[in-house]
Amino acid sequence: MPEAVETMDGWYCLHDLRKIDWSAWRKASQEERDEAIKELQDLLTKWEEVEENREGSYSFYSLMGHRADFIIMLLRPTMKELGEIELAFNKSKLAAFTTSTYSYVSVVELSKYMTKEGEDPMENPGVRARLKPRLPKWEHICFYPMDKRREGNDNWYMLPMDERRELMYEHSKTGRKYAGKIKQIITGSMGFDDWEWSVTLFAHDVLEIKKIVYEMRFDVVSARYGEFGPFYVGNLLTTEDVPAFLEI
Ligand code: VOV
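Numbering of residues begins from 1 in every chain and follows the order in which that chain's sequence is written. Reporting of local features is limited, given that this is a predicted model, to residues whose pLDDT is at least 70; pairs of side-chain atoms are given and counted only at 80 or more, and all residues count toward the totals for whole chains, interfaces and linings. With hydrogens and water set aside, each side-chain value is computed from the structure's full complement of heavy atoms.

(A) Expanded view of the overall build of the protein chain. Along the backbone of the protein chain there are eight helices and eleven strands. Our radius of gyration looks at C-alpha atoms and nothing else; its globule reference is 2.2 Å times the residue count to the power 0.38. Its C-alpha radius of gyration of 19 Å places the protein chain within 12% of the 18 Å reference for a compact globule of 248 residues. Once the C-alpha set of the protein chain is aligned to its principal axes, its extents read approximately 65 × 35 × 30 Å. Residue burial in the protein chain is summarised as follows: out of 248 residues, 45% are buried. Contacts spanning at least 24 positions in sequence make up 79% of the contacts within the protein chain whose residues lie at least 6 apart. Strands here are runs of E lasting at least two residues and helices are runs of H or I lasting at least four, both read from the DSSP assignment and numbered beginning at the N terminus. The rule is simple: take the accessible area with a 1.4 Å probe, protein chains only, and divide by the maximum for that residue type; under 20% is buried, over 50% is exposed, in between is partly exposed. By definition in these notes, contact holds between two residues if any of their heavy atoms fall within 4.5 Å.

In C-alpha cells:
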C-alpha cells in the first residue's frame, strides 16, 4: 500500500477573485465612489497592520484578462478569521459593485518528502516561518489550482513513497534555479476545494513565471502527473494605487 506523506499545515488561505461592474460603478455618484475607495483603503491598511503584527498576511493584485479584475489573497491562523474577513469585504461598499468570479479555500502546506530520518522539521525556524509566510509584495502574481493525476498507469497516489520523494526532489531542483526570481506559496486544499493544491507564484519579472511553469512541465511530476486549472496573472496594487485603479 502506498503510504501518504505527512504534511505540515500553516495559515488558512482564501483567494478571492472579483470582477468589477464598471457600468454600475460609472453610474454611482462621486461621493459613493469616494466612500467605497476610502473603505477599501481602510481595509487594506487594517490587513497591513495584521501583517506587521505577524498575525496573518495579504496580497492585492489587479488581474489580466476577462476572468477577474482583481485578486485578494488572505492568510489567517484560523478558517473562522478568514470567514470573518470574507464577510467584512462582502459587506463593503465596493463589493456591491463586484461579482465573485472565482475563489479558493486552502491551507499553507509543506510536505515531509524532504525530511531526513529522525529529524523534526517543526524545530526548524525556517520551516515554521514558511508555514506562516509574509506574502511578498513583488510586482506580479500568478495563481492556479492543480491536481496530481489519477488515471490508469499515471496514478500519483499509487506510487510508492520513495518514487514520489525522488520525483519531488527533481521538482525542487528545478524550483531552486529560480531562487530570488520566484517565490512560491503552495497551499493544500483536499477536502476544502475542488482541486488538490493551489500554486501562487510571485515574481519581479513576469516572464520568470512563464519560464518556471514551462521548465517544470518537463519534470516528470508535472509532465506525467500534473493536472492544471485556470491560470490567473496580474500586477501589484498598493493601497496608494487604489484611487487611480478605480478612477472613472
Ligand atoms: C520557486 C520554485 C519552487 C520550489 C523551490 C519548489 C520546491 C518544492 C518542494 C521542496 C516541495 C516538497 C516539500 C514541500 O515544501 O512541500 C514542493 C512541493 C510542491 N510543489 Fe513546488 N516548488 C517550486 C515551485 C512550484 C511550482 C511552480 C509548482 C506548480 C507545478 C507546475 O508544474 O506548474 C509547484 C507545485 C508543488 C506542489 C503541488 C507541491 C506539493 C506536492 C505534494 O505532492 O505534496 N511548485 N515544492
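(B) Looking closely at the confidence of the model for the protein chain. Known as pLDDT, the predictor's per-residue confidence is scaled from 0 to 100. For the protein chain, per-residue confidence averages 98 on the pLDDT scale, and 100% of positions sit at 70 or higher. Scored by ipTM, the complex comes to 0.96, with pTM at 0.97.

(C) Region of the structure containing the UniProt feature "binding site: Fe-coproporphyrin III" (unreviewed entry) in the protein chain. UniProt positions are given in the numbering used here, feature names are shortened, and annotations may be inferred rather than shown by experiment. Here the UniProt-annotated "binding site: Fe-coproporphyrin III" (unreviewed entry) positions come out as Arg 130, Tyr 144, Pro 145, Met 146, Asp 147, Lys 148, His 171, Gln 184 and Ser 222. Taking the farthest pair of C-alpha atoms as the criterion, the annotated set spanning 93 residues is dispersed, since that pair is 22.7 Å apart. Structurally, Met 146 can be placed in strand β5 (residues 140-148). Contact partners of Met 146, with chain neighbours within four places excluded, come to Trp 195, Glu 196, Trp 197, Val 199, Gly 226, Glu 227 and Phe 228. Positionally, His 171 belongs in helix α5 (residues 161-176). Judged by its relative accessible area of 25%, His 171 is partly exposed. Once residues lying within four places of it in the same chain are set aside, the contact partners of His 171 are Met 216, Asp 219 and Val 221.

(D) Examining the UniProt feature "active site" (unreviewed entry) in the protein chain more closely. With numbering aligned to this structure, UniProt lists the feature "active site" (unreviewed entry) at Tyr 144. The topology assignment puts Tyr 144 in strand β5. Using a relative accessible area of 7% as the deciding quantity, one classes Tyr 144 as buried. In contact with Tyr 144, other than residues within four places in its own chain, are Trp 197, Ser 198, Val 199, Leu 201, Val 213, Phe 228, Pro 230 and Phe 231.

(E) Inspection of the site of the ligand at higher detail. In the region of the ligand, 23 residues are neighbours, and Ser 111, Tyr 144, Lys 148, His 171 and Ser 222 sit closest. Between an oxygen atom of the ligand and a side-chain N or O atom of Tyr 144, the distance comes to 2.5 Å. Whenever a nitrogen or oxygen atom comes within 3.5 Å of another N or O atom, the pair is scored as a polar contact, on the condition that within protein one atom can donate a hydrogen and the other can accept it, and that pairs from neighbouring residues in sequence are kept only if both atoms are in side chains. In the model, a nitrogen atom of the ligand is placed 3.4 Å from a nitrogen or oxygen of the Gln 184 side chain. Listed by contribution, the elements that provide at least two residues to the shell around the ligand are β4 (98-111), β5, α5, β8 (182-188), β9 (197-203) and α6 (206-216). Sort the elements by how many residues they give to the shell around the ligand and α5 lands first, with five residues. Among the residues making up the shell around the ligand, the classes are represented as 14 nonpolar, six polar and three charged. Proximity is defined per residue: if any heavy atom of the residue lies within 4 Å of a molecule or strand, that residue is considered near it. Three classes are used: nonpolar for Ala, Val, Leu, Ile, Met, Phe, Trp, Tyr, Cys and Pro, charged for Asp, Glu, Lys and Arg, and polar for all others, with Gly counted as polar.

(F) How the structure looks around the side chain of Glu 51. Checked against the element boundaries, Glu 51 lands in helix α2 (residues 30-52). Not counting residues within four places of it along the chain, the set of residues in contact with Glu 51 comprises Gly 56, Ser 57, Tyr 58, Arg 134, Leu 135 and Lys 137.

(G) Inspection of the nonpolar core at higher detail. Among buried residues, those of type Ala, Val, Leu, Ile, Met, Phe, Trp, Tyr and Cys that are joined through side-chain atoms within 4.5 Å constitute a nonpolar core. Counting 24 residues, the largest nonpolar core has Leu 40, Trp 47, Phe 60 and Leu 246 as the members making the most contacts within it. For this core, the elements supplying multiple residues, two or more each, are β1 (7-20), α2, β2 (57-63), β3 (70-76), α3 (79-90) and α8 (242-246). Counting residues per element, this core draws most heavily on α2, which supplies six residues. The contacts of Leu 40, once residues within four sequence positions are left out, are Phe 60, Phe 89, Leu 94, Val 242 and Leu 246. Ranked by size, the runner-up nonpolar core spans 19 residues in total, among them Leu 75, Leu 135, Trp 138 and Ile 185.

(H) The arrangement of α3 in detail. In this scheme, a helix's expected span is set at 1.5 Å multiplied by one less than its residue total. Taking 1.5 Å of rise per residue, the twelve residues of α3 would be expected to cover 16 Å, and the 16 Å separating its terminal C-alpha atoms lies within 8% of that figure. In the core, the buried residues of α3 are packed alongside β1, α2 and β3.

(I) Local environment of unusual backbone geometry. Despite not being glycine, Arg 54 has its phi angle at roughly 60 degrees, a positive value. As for its position among the elements, Arg 54 is in the loop between α2 and β2.

(J) Examining the state of the cysteines more closely. In what follows, a disulfide is any cysteine sulfur pair within 2.5 Å. All chains considered together, the criterion is met by zero disulfides. Here Cys 13 is not cross-linked by a disulfide; its sulfur's nearest cysteine counterpart is in Cys 142, at 14 Å.

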